[in-house]
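# Structural description and commentary
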Amino acid sequence: MSTPSSHPPITVIGYGSLMSGLGLARFGTLAVTGIGRVRLHGCTRGFGKFSMYGDRFAMIVEATAPTAPLRAETIAASNEDHTGVEALALTVALPEFIAIAAREGYASDACWALARQAEGAGRDLAQHLWALLEQAAFDQVAYRRVLFAATGYTSPHYIPHPVATDGAPAIAFLAPGTEGSGADHVVPIRVQSTVTRVLSLPEVWRIKPNADQLDYITMCLLGEVHGVSLADVYGNLADNLPLLNRVRERVVEEAPTEPERFRAMLKLSAETYAAQLPPRTRRSLVLA
């Protein structure tokens, strides 16, 4: 059986609060062995899953074509195209991956079971999930049913989903919606809450105009400190000056301490951070 030390590193795509030190701080440190910016293709991003951790809606990505794989491409520091869904790729050891999964509401026991099955098939976990997706002909609904059959478990919150890259597959956590969790008796939180659309920042604020939601928005937007654009979630924020000013005030308040906090939460030295996330021209509605 594989042990945490023998399992190859796993790359996780963080597209919400995993992209900031403030978002990571609630759950403690997370040692990474690599980090980089990526652009996701084949999906849209916004708010839309009622959170386990407060009176707010968390970030989701939703596939635009349910029978096509998601893909992540590396963003070079010189790339000034800030369109699309930008995110961070975090490379971690298996125990850290399982900690991330637990944070996302996916059971640790199911992750260990999948890791053991992967080892038995001569694959690492991400490769194993990709093989299950291929088995399902890249159909998201069929994949979740295959995953449930493999473990006897699925989550109403987030489910690990393989993502194609230029190299080995990565893993993102997707929140199931009306398409289902992979098991008829496990009703997705998005369905339970009756909020199944992908919401822009102003849209989610109309539903949850409270301190919890503002805190979470701040956690996500602080990803822009690290050169990751979240312009795709702004919606018509530029036209809503009261909300823009409120969000900007909160983000600007946290921004000065964010780099050091982020490095500490991911156990990154300043030198490694600078090398793996080199400065990039920043275009931000909320940061100067």
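Quick look at the structure, then.

### A word on the nonpolar core
In this structure, Phe97 and Leu221 are the most contacted members of the largest nonpolar core, which totals 89 residues. For Phe97, the residues in contact, after removing those within four places along its chain, are Ile10, Val12, Val92, Cys111, Leu125, Ile171 and Phe173.

### Examining a nonpolar patch on the surface
A cluster of nonpolar side chains, contributed by Phe27, Met52 and Tyr53, occupies part of the molecular surface with about 240 Å² of accessible area. Tracing the backbone shows Met52 in the loop between β3 (43-50) and β4 (57-63).

### Comments concerning empty space enclosed by the protein
Applying the stated criterion across every chain yields a total of three cavities of 30 Å³ or more. For the lining of the largest cavity, the elements supplying multiple residues, two or more each, are β1 (10-14), β4, α2 (94-103) and α8 (211-221). Among the elements that line the lining of the largest cavity, the one with the most residues is β1, at three residues. Residue composition of the lining of the largest cavity, by class: 14 nonpolar, five polar and five charged.

### A short note on the environment of Asn79
Looking at where Asn79 falls in the secondary structure, it is placed in the loop between β5 (70-74) and β6 (85-92). C-alpha of Asn79 to C-alpha of Arg280: the two residues are 201 residues apart in sequence and 7.7 Å apart in space. Once residues lying within four places of it in the same chain are set aside, the contact partners of Asn79 are Arg39 and Arg280.

### Points about the sheet that holds β6
Strand order in the closed barrel formed by six strands is β1-β6-β2-β5-β7-β8, and the pairing between neighbours is mixed. Each neighbouring strand pair of the sheet contributes to a mean axis angle of 45°, computed without reference to strand direction. Pairing geometry for strand β7 (residues 159-164) and strand β8 (residues 170-174), over five bridges, is antiparallel. Directly across from Val163, in β8, lies its bridge partner Ala170. Across the sheet, helix α5 (residues 140-151) lies against β7 and β8, angled at about 125° from β7, the strand it touches most.

### Topic: the pairing of β6
Within β6, eight of the eight residues are buried, which leaves the element mostly enclosed by the surrounding structure. The side-chain alternation of β6 yields two buried faces, one formed by Val85, Ala87, Ala89 and Thr91 and the other by Glu86, Leu88, Leu90 and Val92. Alignment of β1 against β6, held across five bridges, turns out to be antiparallel. By the bridge assignment, Ile13 is partnered in β6 with Ala89. Here seven bridges tie strand β2 (residues 34-41) to β6, and the two strands are oriented antiparallel to one another. Directly across from Arg37, in β6, lies its bridge partner Leu88.

What counts, and at which threshold
Residues numbered from 1 in each chain as written. Predicted model: local features only at pLDDT ≥ 70, side-chain atom pairs only at ≥ 80, totals over all residues. Heavy atoms only, no water. Core = buried A, V, L, I, M, F, W, Y, C linked by side-chain atoms within 4.5 Å. Buried < 20%, exposed > 50% of the residue type's maximum accessible area, 1.4 Å probe, protein only. Contact = heavy atoms within 4.5 Å. Patch = residues over 30% accessible without salt bridge, like charges linked within 9 Å, V, L, I, M, F, W, Y side chains within 5 Å. Areas by Shrake-Rupley, 256 points an atom, 1.4 Å probe, with all protein chains shown as cover. Salt bridge = Lys/Arg side-chain N within 4 Å of Asp/Glu carboxyl O. Helix = DSSP H or I, 4+ residues; strand = E, 2+ residues; numbered from the N terminus. 1 Å grid on protein atoms, 1.4 Å probe; cavity = no way out; pocket = protein on both sides within 12 Å on 5 of 7 lines; lining within 4 Å. Points joined across faces, edges and corners; volume = space filled by probe spheres on them. Nonpolar A, V, L, I, M, F, W, Y, C, P; charged D, E, K, R; others polar. Pairing = 2+ DSSP bridges. Axes fitted to C-alpha atoms, helices over the stretch in contact; angles between N-to-C directions.

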